[in-house]
Amino acid sequence: MRVLHTSDWHIGKRLINRERLDEQAEVLDEIVRICDEENIELVLIAGDIFDNYTPRAEAEELFFSKIRKVAGEKRVVLIISGNHDDGVRLSAVAPLSEENGIYIVGNDRKPLPIAKEWGARTIRPISSGKGYAVFENQQGEKAFISTLPYPNEARFKEEKSELSYVEQMQKWIAEGESGNIEGLPSIFMAHIFVAGGAVSDGEREIDLGGARAIPVDVLPKSDYIALGHLHKKQHMGKGHCYYSGSPLQYAFDEVADKSVKVFDLVHGGVQNLKDVPLTSGKKLIRLTAENVDTALSTLDLYPDNLVELTLILSKPLTSAESQALAAKPNLVSLIPQVRVEDTLEFQSRKNLSSEELFNAYYKATYGAEPKEELKTLFLTAMQEISEE
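Note that the structure is predicted; figures quoted are calculated from it, not measured.

Caption draft 1: Layout of helix H2 (residues 57-71). The terminal C-alpha atoms of H2, which comprises 15 residues, lie 21 Å apart, in line with the 21 Å expected from a rise of 1.5 Å per residue. Along its buried surface, H2 packs onto helix H1 (21-37), strand S2 (42-45), strand S3 (76-80), helix H3 (87-91) and strand S4 (102-105).

Caption draft 2: Structural context of helix H7 (residues 292-300). Inspection of H7 places Val292, Ala295, Leu296, Thr298 and Leu299 among the buried residues, and these make up the whole buried set. Seen end-on, H7 carries its buried residues on one side only, within an arc spanning 165 degrees. In this structure, the buried side of H7 is in contact with strand S16 (283-289), strand S17 (305-313), helix H8 (319-326) and strand S18 (331-338). Measuring from the side-chain oxygen of the N-cap residue of H7 to the backbone nitrogen of Asp293 gives 3.2 Å; that N-cap residue is Asn291.

Caption draft 3: Main features of the packing of H7 against H8. Contact geometry for H7 and H8: axes closest at 10 Å, N-to-C directions at 15 degrees. Considering their axes alone, H7 and H8 lie roughly parallel with respect to each other. The chirality of how H7 crosses H8 is left-handed. Here Val292, Ala295, Leu296 and Leu299 of H7 come into contact with H8, specifically with Glu321, Ala324 and Leu325. Across the contact of H7 with H8, the residue classes break down as six nonpolar, no polar and one charged.

Caption draft 4: Here's a closer look at the sheet that holds strand S6 (residues 132-137). Across the sheet, which stays open at both edges, the seven strands sit in the order S5-S6-S7-S8-S11-S13-S12 with mixed pairing between neighbours. With partners counted over all chains shown, the strands left at the sheet margins are strand S5 (123-129) and strand S12 (234-235), one partner each. The sheet contact formed by strand S11 (residues 224-228) and strand S13 (residues 241-243) spans three bridges and is parallel. The partner of Ala226 across the bridge, within S13, is Tyr242. Of the strands in this sheet, S6, strand S7 (142-148) and strand S8 (186-191) are in contact with helix H6 (residues 165-177), which crosses S7 at around 155 degrees.

Caption draft 5: Up close: the pairing of S3. Burial analysis of S3 places five of its five residues in the buried class, which makes it a mostly covered element. Both faces of S3 are covered, namely the face carrying Val76, Leu78 and Ile80 and the face carrying Val77 and Ile79. With four bridges joining them, S2 and S3 adopt parallel strand pairing. Considered in S3, the bridge of Ile45 is made with Ile79. Where the polypeptide runs from S2 across H2 and back to S3, its parallel neighbour, the crossover connection is right-handed. Pairing geometry for S3 and S4, over four bridges, is parallel. Its bridge partner lying in S4, Ile79 is registered against Ile104.

Caption draft 6: Molecular detail of the packing of aromatic side chains. Applying the stated rule across the entire model yields eight aromatic pairs. When the centroid spacing of 5.3 Å and the interplanar angle of 70 degrees are considered together, the rings of Phe50 and Phe63 count as edge-to-face. One end of the pair, Phe50, is in the loop between S2 and H2; the other, Phe63, is in helix H2, with 13 residues separating them in the sequence. Owing to a relative accessible area of 2%, Phe63 belongs among the buried residues under this scheme. A centroid spacing of 6.2 Å and a plane angle of 75 degrees characterise the contact between Tyr103 and Phe135, whose relative ring orientation is edge-to-face. One end of the pair, Tyr103, is in strand S4; the other, Phe135, is in strand S6, and 32 residues separate them in sequence. Summarising the burial analysis for this pair, Tyr103 and Phe135 share the class buried. Here the aromatic residues Phe50, Phe63 and Phe64 are joined through ring pairs into a cluster of three or more. The positively charged end of Arg124 is found above the aromatic ring belonging to Trp118, 4.1 Å away from the centroid. Across the ring face of Tyr242, the terminal group of Lys261 is positioned such that the distance to the ring centre comes to 4.0 Å.

Analysis parameters
Residues numbered from 1 in each chain as written. Predicted model: local features only at pLDDT ≥ 70, side-chain atom pairs only at ≥ 80, totals over all residues. Heavy atoms only, no water. Helix = DSSP H or I, 4+ residues; strand = E, 2+ residues; numbered from the N terminus. Expected span 1.5 Å × (residues − 1). Contact = heavy atoms within 4.5 Å. Buried < 20%, exposed > 50% of the residue type's maximum accessible area, 1.4 Å probe, protein only. Arc of directions from axis to C-beta. Polar contact = N/O pair within 3.5 Å; in protein donor to acceptor, adjacent residues only side chain to side chain. Axes fitted to C-alpha atoms, helices over the stretch in contact; angles between N-to-C directions. Parallel < 35°, antiparallel > 145°, perpendicular 65-115°, else oblique. Left-handed = near helix turned anticlockwise from the far one by under 90°. Nonpolar A, V, L, I, M, F, W, Y, C, P; charged D, E, K, R; others polar. Pairing = 2+ DSSP bridges. Right-handed = clockwise from strand over helix to strand, strands pointing away. Phe/Tyr/Trp six-rings, centres within 6.5 Å; stacked < 30°, edge-to-face > 60°. Lys NZ or Arg CZ within 6 Å of the ring centre and 35° of its normal.

Below, the structure is given as structure tokens:
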């Protein structure tokens, strides 16, 4: 059975205030092409479909239009909810999506409906229980898949259990794994934080100080473990345990190396595992410039990137300089950094005049003497304040 593993689409996510729906549409189309070229039968999406619980209408429209293409006419897609998803809201469309070969597992982990007939699809679920399902293709190959959507706070409260976080996770994992009574080739798909995973700036306090980290040895002994939650693709522990990573860079510290996992699941386990690169979307880079002229010329060298620019300043930006930088469409974030070349010796400010205080502050901040017109403006304002 030919399988593709992806996660963390975060449809609707912006980069600061930069809209990225076009990039997301482009990369999802690329995933569709990969599915076609690689003859994928089963697509696994390990959570965080959307970027928040109440996605914008434009984000939902993009998801529904693209997920149908991912499923195509013959494939099946299995989705679990992530920490950014509202599991109830996401799975509410299940009765309609299942008609298109798209199965969604929310926090309740309800059994999937069993397909009585093949129809046009070459793969279907033939049995299912709480947190697991068995899929079979027309060649008679079967795959057992247990699922663990993101375990949010509401889900823990519903359990009313005295178990620790890790113990509760072990319980849920065991519930799903218990369905593999035939000893079939198996996949465990979860949206969790495994201890030791590399986190980027784009992921929000992902492990709560380590309290919600799952030791890798808690995970089941599945042939393949398909993880979602972390945006950097990475291998965890031993065996075939992977975060597929997000399809786009969502923070400037994320590497540009994005891909999906593709493999064959057979009776002997996993074969032909590979990363298929994703090339769509703009690449995020960090640049540094020593002055405004250099910044402007440097930005022109990267017209197809989204840039975070650190600009070294020895004086405040003029209005014209600010406008010139703002006009660069690839500049997303500007970080001014003041260069201080001289170190002021400590002296009491008690006997300093307003002019001396202003001179000292300006030089300490910008490493240069203030212009006379700026100093005059400051002193005039101070005089007006003192006269009120």
